[in-house]
Amino acid sequence: MAHKDKEFSISSWAVDNRVTVYILSLLLVVTGLIAYVTMPREDFPEIIENKIYISSIFPGNSAEDVEKLIVKPLEKEIKNISGVEKVTASSFQDYGMIIAEFSEKVTIEEAKIKIKDKVDNAKADTDWPNLDNGSKVEPNVFELNISEEVPILNINLKGNYTTQQLKKYGELLQDDIEEIPEVKKVDILGVDDKEVEIAIDVFKMTAAQVSFDDIQNAVKYENKTLSGGNLISQGSRNNIRIVGEIKDPKELENIVVKSYGGTVFLKDIASISFKEKEKTTYAREKGVEVVMLNVKKRSNQNMISAIEQVKEKIKKAQESYLPKDLDLRLSMINLQELNIK
């Protein structure tokens, strides 16, 4: 009996059309390489959550008051939004938070717009509370993307400089790095801004019959720049500004806090100093205090490309405005040190 060989049609076609197979294979390799180079890479891949957060600060109020005056009115408005699947509310001392979870059919942009509209409706109510300065409590509406909040790179600055000098170099680098399209923002840690401290002597204040409100109002109204309107002279219109902003803390000493029954200057009842704010962030490298820049990238952007561009910006900065003895180290969040040379 004659034996008939079986034939596999796809293999036979590939043999008969070898050139076509070679071209298709080459196209697959090329497109694969392009996809590998261009696709976003990140240590914390983006997790899409249709959640909008509404936070509100209401200083000097208990959790019960925050819930009654802020959270409940907002929660009532938000529950009526079409597409909302779940609303979670929390109230704390001085602070309230609401999380609104939307269905997948509603985009984050649409959800944010709907929430902002409802927040405006709640603020328009006559029962909506005011802050001590007279302005209305302003809720903050935002979405949270983990991939945009976790830094992809740390830049440590240290050397024979004060923290304020290191901060100035950090701010210059911050401006340069934030020009990179893939970078969302750069945070500076390890150093805080300075503030003016007015240390009031309560006994002197009481003896001079001055209240805390007198001091607060005197400082507030003396530290202002006002518009004086327009002045038309010889056919030209000029804007008049009354500059009253205080530039040197020592100027505060001569502010009059009481003028009736004898003039009382601020220096008579308080001492004024200019110092760093209470430390809120700390940055150390091998136990040594440094000024750190945290680089955060935009969502769906290539992390490797962003880091390479940051390194290029740093090289240019070292060649131009950064001093040669400034020790600058780069490391990723997994503590891997990067070479910038």
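Each value, and the rule that gives it
- Residues numbered from 1 in each chain as written.
- Predicted model: local features only at pLDDT ≥ 70, side-chain atom pairs only at ≥ 80, totals over all residues.
- Heavy atoms only, no water.
- Helix = DSSP H or I, 4+ residues; strand = E, 2+ residues; numbered from the N terminus.
- Rg over C-alpha atoms; globule rule 2.2 N^0.38 Å.
- Contact = heavy atoms within 4.5 Å.
- Areas by Shrake-Rupley, 256 points an atom, 1.4 Å probe, with all protein chains shown as cover.
- Lys, Arg positive; Asp, Glu negative; His and termini not counted.
- Charge placed at Lys NZ, Arg CZ, Asp CG, Glu CD.
- Salt bridge = Lys/Arg side-chain N within 4 Å of Asp/Glu carboxyl O.
- Buried < 20%, exposed > 50% of the residue type's maximum accessible area, 1.4 Å probe, protein only.
- Expected span 1.5 Å × (residues − 1).
- Arc of directions from axis to C-beta.
- Axes fitted to C-alpha atoms, helices over the stretch in contact; angles between N-to-C directions.
- Parallel < 35°, antiparallel > 145°, perpendicular 65-115°, else oblique.
- Left-handed = near helix turned anticlockwise from the far one by under 90°.
- Nonpolar A, V, L, I, M, F, W, Y, C, P; charged D, E, K, R; others polar.
- Core = buried A, V, L, I, M, F, W, Y, C linked by side-chain atoms within 4.5 Å.
- Patch = residues over 30% accessible without salt bridge, like charges linked within 9 Å, V, L, I, M, F, W, Y side chains within 5 Å.

J.: Please set out the overall build of the protein residue by residue, giving values where relevant.
T.: Counting secondary structure elements, the protein contains 10 helices and 17 strands. Against the 2.2 N^0.38 benchmark of 20 Å for 341 residues, the protein shows a C-alpha radius of gyration of 31 Å, more extended than a compact globule. Oriented by its inertia axes, the alpha-carbon framework of the protein measures out at about 130 × 60 × 60 Å. Put simply, of all contacts in the protein between residues at least 6 apart along the chain, 68% involve residues at least 24 apart. When the accessible surface of the protein is totalled, it reaches about 22600 Å², and 52% of it is carbon and sulfur. Distance from the positive charge centre (47 side chains) to the negative charge centre (57 side chains) of the protein: 2 Å.

J.: Now, about the pattern of salt bridges: what can you tell me, with residues and values included?
T.: Scanning the entire structure with this criterion turns up 10 salt bridges. With a closest N to O distance of 3.0 Å, E143 and K112 form a salt bridge. Of this pair, E143 sits in the loop between strand 4 (140-142) and helix 5 (146-149) while K112 sits in helix 4 (residues 108-123), and the two are 31 residues apart along the sequence. Note on K112: relative accessible area 22%, which makes it partly exposed. Where K250 meets E253, a salt bridge forms, and the shortest distance between an N and an O atom there is 3.3 Å. Taken together, the shared-partner salt bridges in this structure form one network comprising K158, D327 and R329.

J.: Please set out the environment of L326 residue by residue, giving values where relevant.
T.: If you trace the backbone, L326 turns up in the loop between helix 10 (303-319) and strand 16 (327-331). A sequence separation of 160 residues divides L326 from L166, and the C-alpha atoms of the two residues are 8.8 Å apart. Excluding its chain neighbours within four sequence positions, the residues that come into contact with L326 are L157, K158, Y161, L166 and Y169.

J.: Could you give an account of helix 6 (residues 163-177), naming the residues involved and the relevant values?
T.: Relative to the 21 Å expected for 15 residues at 1.5 Å per residue, helix 6 spans 20 Å between its end C-alpha atoms, a close match to the ideal helical length. Turning to helix 6, its buried residues are L166, K167, Y169, G170, L173, Q174 and I177. Here the buried residues of helix 6 occupy an arc of 165 degrees about the axis, which is enough to place them on one side.

J.: Explain the packing of helix 3 (residues 63-79) against helix 4 residue by residue, including any values.
T.: Running from amino to carboxyl end, helix 3 crosses helix 4 at an angle of 135 degrees, the nearest separation of the two axes being 9 Å. As judged from the angle between their axes, helix 3 and helix 4 are oblique. As helix 3 packs across helix 4, the resulting crossing turns out to be right-handed. Each of L74, E77 and I78 in helix 3 lies in contact with helix 4, whose residues at this interface are I115, K118, V119, N121 and A122.

J.: Could you give an account of the packing of helix 1 (residues 9-16) against helix 2 (residues 18-38), naming the residues involved and the relevant values?
T.: Where helix 1 contacts helix 2, the axes come no closer than 5 Å and their chain directions differ by 95 degrees. Looking at the two axes, helix 1 sits roughly perpendicular to helix 2. Mapping the contact onto sequence places W13, A14, V15 and D16 in helix 1 and R18, T20 and V21 in helix 2. A per-class count over the contact of helix 1 with helix 2 returns four nonpolar, one polar and two charged.

J.: Which residues make up the nonpolar core, and what are the values?
T.: With 27 residues, the main nonpolar core has I155, L157, V295 and V310 as its most contacted residues. Broken down by secondary-structure element, the contributors of at least two residues to this core are strand 5 (153-158), helix 6, strand 6 (183-189), strand 15 (291-297), helix 10 and strand 16. In terms of residue count, the dominant contributor to this core is helix 10 (six residues). Excluding residues within four positions of it along the chain, L157 makes contact with L166, Y169, G170, L173, V290, V291, L293, L326, D327 and L328. Membership of the second largest hydrophobic core comes to 23 residues, among which are F58, I81, V87 and A100.

J.: Give me a nonpolar patch on the surface: which residues, what numbers.
T.: Where nonpolar side chains cluster on the molecular surface, the patch consists of W13, V19, I23, L24 and L27 and spans about 500 Å² of accessible area. Of all the elements, helix 2 adds the most residues to the nonpolar patch, at four residues. Relative to the helices and strands, I23 is located in helix 2. I23 sits in the partly exposed class, given a relative accessible area of 47%.

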